[in-house]
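Okay, here's what each chain looks like letter by letter:
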Amino acid sequence: EPEVTQTPSHQVTQMGQEVILHCVPISNHLYFYWYRQILGQKVEFLVSFYNNEISEKSEIFDDQFSVERPDGSNFTLKIRSTKLEDSAMYFCASSEPTGQGPGELFFGEGSRLTVL
Amino acid sequence: AQTVTQSQPEMSVQEAETVTLSCTYDTSENNYYLFWYKQPPSRQMILVIRQEAYKQQNATENRFSVNFQKAAKSFSLKISDSQLGDTAMYFCASHNYGQNFVFGPGTRLSVLP
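No experiment lies behind these values; they were computed from the predicted model shown.

## Digging into the overall build of chain A
Then comes step 1: The secondary structure content of chain A amounts to zero helices and 11 strands.
Then comes step 2: Traced from its N-terminal end to its C-terminal end, chain A shows the element sequence β-β-β-β-β-β-β-β-β-β-β.
Then comes step 3: Rg of the C-alpha trace for chain A: 13 Å, near the compact-globule value of 13 Å for 116 residues, within the 12% margin.
Then comes step 4: Taking the principal axes of the C-alpha coordinates as reference, chain A spans close to 45 × 30 × 30 Å.
Then comes step 5: In chain A, which comprises 116 residues, the proportion classed as buried is 44%.
Then comes step 6: Relative to all contacts within chain A whose residues are 6 or more apart in sequence, the contacts with residues 24 or more apart total 54%.
Then comes step 7: Accessible area for chain A stands at about 5,800 Å²; split by element, carbon and sulfur atoms hold 46% of it.
Then comes step 8: Of the side-chain charges in chain A, 8 are positive and 16 negative, and the distance between the mean point of each set is 6 Å.

## Considerations on the nonpolar core
Then comes step 1: If you look at the biggest cluster of nonpolar residues, it comprises 24 residues, and the most contacted ones within it are Trp36, Phe75, Leu77 and Tyr90 of chain B.
Then comes step 2: Listed by contribution, the elements that provide at least two residues to this core are strand S3 (19–21), strand S5 (32–39), strand S6 (46–52), strand S8 (64–69), strand S9 (74–79), strand S10 (88–96) and strand S12 (107–112) of chain B.
Then comes step 3: Judged by nonpolar contacts, the second largest core, of 21 residues, contains Cys23, Phe49, Leu113 and Val115 of chain A.

## Side note on the pairing of S8 of chain B
Residues and elements named next belong to chain B.
Then comes step 1: Relative to S8, strand S7 (residues 60–61) is paired through two bridges, and the arrangement is antiparallel. Paired with threonine 60 across the two strands is serine 65, which belongs to S8.
Then comes step 2: The hairpin turn running from S7 into S8, its antiparallel successor, is two residues long, and asparagine 62 in that turn takes a positive phi close to 55°.
Then comes step 3: As judged from the six bridges shared by S8 and S9, these two strands associate in the antiparallel manner.

## Some remarks on the environment of proline 25 of chain A
Residues and elements named next belong to chain A.
Then comes step 1: Its location among the elements puts proline 25 in the loop between strand S3 (19–24) and strand S4 (31–37).
Then comes step 2: When its relative accessible area of 8% is taken as the criterion, proline 25 is described as buried.
Then comes step 3: Between the C-alpha atoms of proline 25 and threonine 5, which are 20 residues apart in sequence, the distance is 6.7 Å.
Then comes step 4: The contacts of proline 25, once residues within four sequence positions are left out, are Val4, Phe32, Arg69, Ser73, Phe75 and Ser94.

## Brief notes about the environment of threonine 98 of chain A
Then comes step 1: Tracing the backbone through its elements, the reader meets threonine 98 of chain A in the loop between strand S9 (88–95) and strand S10 (106–107).
Then comes step 2: Residue classification places threonine 98 of chain A among the partly exposed positions, given a relative accessible area of 42%.
Then comes step 3: In this structure, threonine 98 of chain A is in contact with Gly103 of chain A together with Tyr33 of chain B, ignoring residues within four places of it in sequence.

Cut-off values and rules
Residues numbered from 1 in each chain as written. Chains lettered and ligands numbered in written order. Predicted model: local features only at pLDDT ≥ 70, side-chain atom pairs only at ≥ 80, totals over all residues. Heavy atoms only, no water. Helix = DSSP H or I, 4+ residues; strand = E, 2+ residues; numbered from the N terminus. Rg over C-alpha atoms; globule rule 2.2 N^0.38 Å. Buried < 20%, exposed > 50% of the residue type's maximum accessible area, 1.4 Å probe, protein only. Contact = heavy atoms within 4.5 Å. Areas by Shrake-Rupley, 256 points an atom, 1.4 Å probe, with all protein chains shown as cover. Lys, Arg positive; Asp, Glu negative; His and termini not counted. Charge placed at Lys NZ, Arg CZ, Asp CG, Glu CD. Core = buried A, V, L, I, M, F, W, Y, C linked by side-chain atoms within 4.5 Å. Pairing = 2+ DSSP bridges.

Spelled out as structure tokens, the structure:
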């Protein structure tokens, strides 16, 4: 069964360092997302990506963050100059078009980021 | 703007019993979808059930069913014959056509043996 894959599963970094989280969405999907979940808290939307550009982003997704789809299969989230509060589980998701926009979200297993 | 509220932070149920998780949402759109996602401990989120707002019939998936009350903007999840493997966080989510998915804060369900 097709699935969304994320790497690394866990990354530990020093405050101020740059981190890149990788995602391979399901191959025929056209909508891509990043969500984050601080431990024990709700799932927060960061950004959605469609047709090679950001379609929507939240207030959380400031200049510190960027996304890229460099090669038609990977979908990366870059966090520049990480802060302690960036420690969270980051989920990638993808969905296919249904004729009325995105369909069901398929999530990856998440990348846990720990900023020290 | 879409909002999703889950008023029960935690719930527990005895194995084989039935439990209902509550969700209310707010949207000004007519075309939208509602979802329940399950997140087992340290695992990814998986879809449990979805409902198209234009369908009046409540969605069902085996032991999982919803009570969709469109006028009240309520979308509760009923789990029948609860199993230990149902222990997880359950997130209600809404999606307006052309917009983002919005998740509620989650309900932590514990199924007790």
